[in-house]
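An overview of the molecular structure
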Amino acid sequence: MFDKKPKSYTDLLGKTNRIVEGTAIKGDIISQADFRLDGELIGNFQSSGKIVIGPAGSVTGDIICRNADIEGKFEGKIQVTEILNVKSKSSIHGEVICGKLAVEPGADFSASCTMKTNMKNLMPNDGQQTQQKTS
């Protein structure tokens, strides 16, 4: 009577990837799921979800995502289609493009900032991301 598909193992646990403190990655990361980074990334990151850069985390490169919480260090260009939360102990240097921005007092925010409230993100299956303005 009720045809319910059993959820996959990853659906039951949630879809958050994690790079722990002490791990360094050189290269690009493309993920459909949310991501928490407490290690170091030297390269670009792209996700249709949320990235959290923890207090010990750092990114040198470009980020494209839907939402972001930054507590660690970021240097480069970040494009967030919805909300970028910059925590009090974070350090951001570079270029910021976002829909909404929240910066806590004490944050090191040395970046150019562009607000794009009418930006719509499209993420096709191949992982390439494009931006389209809506009317």
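Residues numbered from 1 in each chain as written. Predicted model: local features only at pLDDT ≥ 70, side-chain atom pairs only at ≥ 80, totals over all residues. Heavy atoms only, no water.

Going by an unreviewed UniProt entry, the protein chain carries the name Protein CcmA, bactofilin family and comes from Flavobacterium urumqiense. On record in UniProt, under Sequence similarities (unreviewed entry), the comment for the protein chain is "Belongs to the bactofilin family." (UniProt positions renumbered as here; feature names shortened; annotations may be inferred.)

Let us now look at the overall build of the protein chain. Secondary structure summary: the protein chain contains one helix and 15 strands in total. Taking all 135 residues of the protein chain together, the buried fraction comes to 34%. Counting contacts in the protein chain only where the partners sit at least 6 residues apart, residues at least 24 apart contribute 6% of the total. For the protein chain, the accessible surface area stands at approximately 8300 Å², while carbon and sulfur atoms represent 49% of it. (Helix = DSSP H or I, 4+ residues; strand = E, 2+ residues; numbered from the N terminus. Buried < 20%, exposed > 50% of the residue type's maximum accessible area, 1.4 Å probe, protein only. Contact = heavy atoms within 4.5 Å. Areas by Shrake-Rupley, 256 points an atom, 1.4 Å probe, with all protein chains shown as cover.)

Here asparagine 67 lies in strand E10 (residues 67-70). A polar side-chain atom of asparagine 67 sits 3.2 Å from a polar atom in the side chain of glutamate 82. There is a polar contact of 3.0 Å between the side chain of asparagine 67 and the backbone nitrogen of isoleucine 83. (Polar contact = N/O pair within 3.5 Å; in protein donor to acceptor, adjacent residues only side chain to side chain.)

So, on to the nonpolar core. Ranked by internal contacts, the top residues of the largest apolar core, which has 21 residues, are Ile51, Ile63, Ile78 and Leu84. Looking at this core, the elements with two or more residues in it are strand E4 (34-37), strand E7 (50-53), strand E9 (63-65), E10, strand E11 (73-86) and strand E12 (91-103). It is E11 that provides the largest number of residues to this core, a total of five residues. Setting aside its immediate chain neighbours within four residues, isoleucine 78 contacts Ile63, Ala68, Ile70, Leu84, Glu95, Val96 and Ile97. (Core = buried A, V, L, I, M, F, W, Y, C linked by side-chain atoms within 4.5 Å.)

Glancing now at a nonpolar patch on the surface. A contiguous nonpolar surface patch, about 230 Å² in accessible area, is contributed by Leu101, Val103 and Met115. On the secondary structure map, methionine 115 appears in strand E13 (residues 108-115). Of the residues examined, methionine 115 reaches a relative accessible area of 44% and is grouped as partly exposed. (Patch = residues over 30% accessible without salt bridge, like charges linked within 9 Å, V, L, I, M, F, W, Y side chains within 5 Å. Salt bridge = Lys/Arg side-chain N within 4 Å of Asp/Glu carboxyl O.)

Another aspect to go through is the pattern of salt bridges. Two side chains that carry opposite charge are able to pair once their charged atoms sit near each other. The tally for this structure, following the rule as stated, stands at five salt bridges. The closest approach of N and O atoms between arginine 36 and aspartate 38, which form a salt bridge, is 3.0 Å. Judged by relative accessible area, which is 8%, aspartate 38 ranks as buried. Overlapping salt bridges, with partners in common, bring together Arg18, Arg36 and Asp38 in one network.

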